[in-house]
Amino acid sequence: MLPSPSSSPPRVLHERTNFFDTPIQTKLPFGLPTPPVDRQRAGTASSTGLPKKRKLSFSGEDSRSSDGSHELNNGSDVEMEDVTFRPRAQRYTQFHIGIRAARGLPGHRREEPSTWAILQSFVSSNKSDVYKCEAANDNAYLTPPYACAYTYGAKNGGLPLLAVATEQGTVHLFNTSKRRDWDPQPSQEILNVHQNGIFDIKWNIDDCLLATCSGDQSTRIVCPTTQSIKYNLRGHTRTVKCVAWDPSNANLLSTGGRDGGICLWDLRMPVVDRGDRGTSSIPVMTIPGAHEDSISTARRRGKKVSAPRSVTSLLYPETGTYGLVSSGSFDGIIKYWDLRLPTQAKRSVKSKPPTNLDSSSVDPTALHGSRRSRGIVKLTAGTGPTAGLVFGLGADSRIHVYDLPSLNPLTAGYSHEKMQTNSFYVGLALSPCGRWLAAGGGVSGSDTQGSAFLFNVGNAAHPGSAVNKDGIQLKCQQGEVGAVDWAEDALASCADDGTVRMWRPDVGTYRECMRDPEKGRWDWSWHS
């Protein structure tokens, strides 16, 4: 049964409001909603002094009558004023920005500002920016450095601690903080890790362990604090060329060697054998012949068997949690591996290697007039403005750019007329800001000095990025400049003369050197 209506009269809304009770307002000096004529803005009143009401219209529509006079509101004495409202500009998400950038449509991110002037200002003091790798025996004074690596803390503005691996199997730890010319070189710690040359060295994500791979076919995990070897990893049958830590787990790492295989290690696995130089472990997973042809051919009798295709570089990309990217010495094809453990049949005893998800569809080393394919010497992943890219230093003396996750090469490339990278000892490193790329270089022609090269790669992902951008040559060390690495505000370059050079951006010093080059060369080195 419905309730009966109330006998009381309904409440009446207050005039011009939708509230039942409107508070009493004080008397204003002018009536609402239009202020008096003397308080109006200039140009808002008509010639007759009548106030105007705004007539809303969208752009593209003509709100005026054919005779040019303004319409009136129901014959009242209020004149209408035309006000045009334009539609709000469309906003794009990150996904739409990437799509529009790939298609060359408006709305994608703008190009990064040029940092060419900063790259030109990199200088190195001939007194305070030189560090020497002292030999471990009395047969030589200095030993050539093969690899170097800054800690993750140094890349984020912390103490610039640099680990340098040498030909004698030792690791030198340098504090490369900026010092004055008359300050002596700080004391260095020397760790005896291998009895053979160390070809790659990397800090783990916690900066508490160092991984070194050597010509003695082993990879060793060292604690710099206690100067002790924690793990001895053996799984390759030839020289171990490269190592990479998993950024998501401090106990996982991968190594590649001249035997053509990739070994995956887990430091939490039980030890199989114990030796005099630490524990000995076996890999949890292997990828044999990582860069061999997928189609195997039968060996003919009397035909010479070719050497395996070495694995030259490894990196864990940011786009995939369970992925690994590798490069080889035979061509410019890089591959993406799925490291998740594949399912095994119950009766199967032999483990199945990881799956190759993607590989480059085109070899970029064979696209620039080369008669044959060339290998990739070093890989480094982009960050910041270059995130989603992979840079590869080729043996054809060019830096190639790959897209993730497809691994297809882009049109952008970087080179220098004096850069020689036909040696597999040359390094490649990207600055922490993601805008600058440094590469080593060998000796060209009759010159006895090697060089490091700097490139501005901030716009490498831009669709309009030019091809073959020239770099800046840093020349002052004897012999080939091999390994390079970045701290937050400095670059380290290692050369065959047994020295490590520090390069820092200093606009004031650079201008003074350019003002008087003859005087500046006594104390400083800069780009040539």
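See the structure printed just above.
Summary of the structure given here. (Residues numbered from 1 in each chain as written. Predicted model: local features only at pLDDT ≥ 70, side-chain atom pairs only at ≥ 80, totals over all residues. Heavy atoms only, no water.)

Points about the packing of aromatic side chains
No. 1: Under the criterion given, the structure shown has eight aromatic pairs.
No. 2: Between Tyr146 and Phe199 the ring centres are 5.6 Å apart and the planes differ by 20°, which places this aromatic pair in the stacked class. Here Phe199 lies in strand β9 (residues 198-203) and Tyr146 lies in strand β5 (residues 145-150), a separation of 53 residues in the sequence. Comparing Tyr146 with Phe199 shows no difference in burial state: the two are buried.
No. 3: A ring pair is formed by Phe199 and Tyr425, whose centres lie 6.0 Å apart and whose planes are at 35°; its orientation type is tilted. Of this pair, Phe199 sits in strand β9 while Tyr425 sits in the loop between β26 (409-414) and β27 (428-430), placing them 226 residues apart in sequence.
No. 4: Under the relative-accessibility criterion, Tyr425 is labelled partly exposed at 34%. (Phe/Tyr/Trp six-rings, centres within 6.5 Å; stacked < 30°, edge-to-face > 60°. Helix = DSSP H or I, 4+ residues; strand = E, 2+ residues; numbered from the N terminus. Buried < 20%, exposed > 50% of the residue type's maximum accessible area, 1.4 Å probe, protein only.)

What about the layout of surface pockets?
No. 1: Estimated volume of the largest pocket: approximately 1300 Å³.
No. 2: Lining the largest pocket are 48 residues, with Tyr152, Lys155, Lys202, Thr380 and Ala381 positioned closest to its centre.
No. 3: Looking at the lining of the largest pocket, the elements that each hand over two or more residues are β5, α3 (152-155), β9, β13 (240-245), β19 (311-315), β23 (376-381), β27 and β31 (481-486).
No. 4: Considered class by class, the residues forming the lining of the largest pocket number 29 nonpolar, 11 polar and eight charged. (1 Å grid on protein atoms, 1.4 Å probe; cavity = no way out; pocket = protein on both sides within 12 Å on 5 of 7 lines; lining within 4 Å. Points joined across faces, edges and corners; volume = space filled by probe spheres on them. Nonpolar A, V, L, I, M, F, W, Y, C, P; charged D, E, K, R; others polar.)

Considering the sheet that holds β27
Note on sheets: strands pair through backbone hydrogen bonds, and any given pair is parallel or antiparallel.
No. 1: Across the sheet, which stays open at both edges, the four strands sit in the order β27-β28-β29-β30 with antiparallel pairing between neighbours. The two strands at the open ends of the sheet, each matched to only one other strand, are β27 and β30 (472-478). Across the sheet, the mean angle from the axis of one strand to that of its neighbour is 20°, orientation sign disregarded.
No. 2: Note: strand β29 (residues 449-456) against β30, six bridges, orientation antiparallel. If you follow Gln449 over to β30, its bridge partner there is Gln478. (Pairing = 2+ DSSP bridges. Axes fitted to C-alpha atoms, helices over the stretch in contact; angles between N-to-C directions.)

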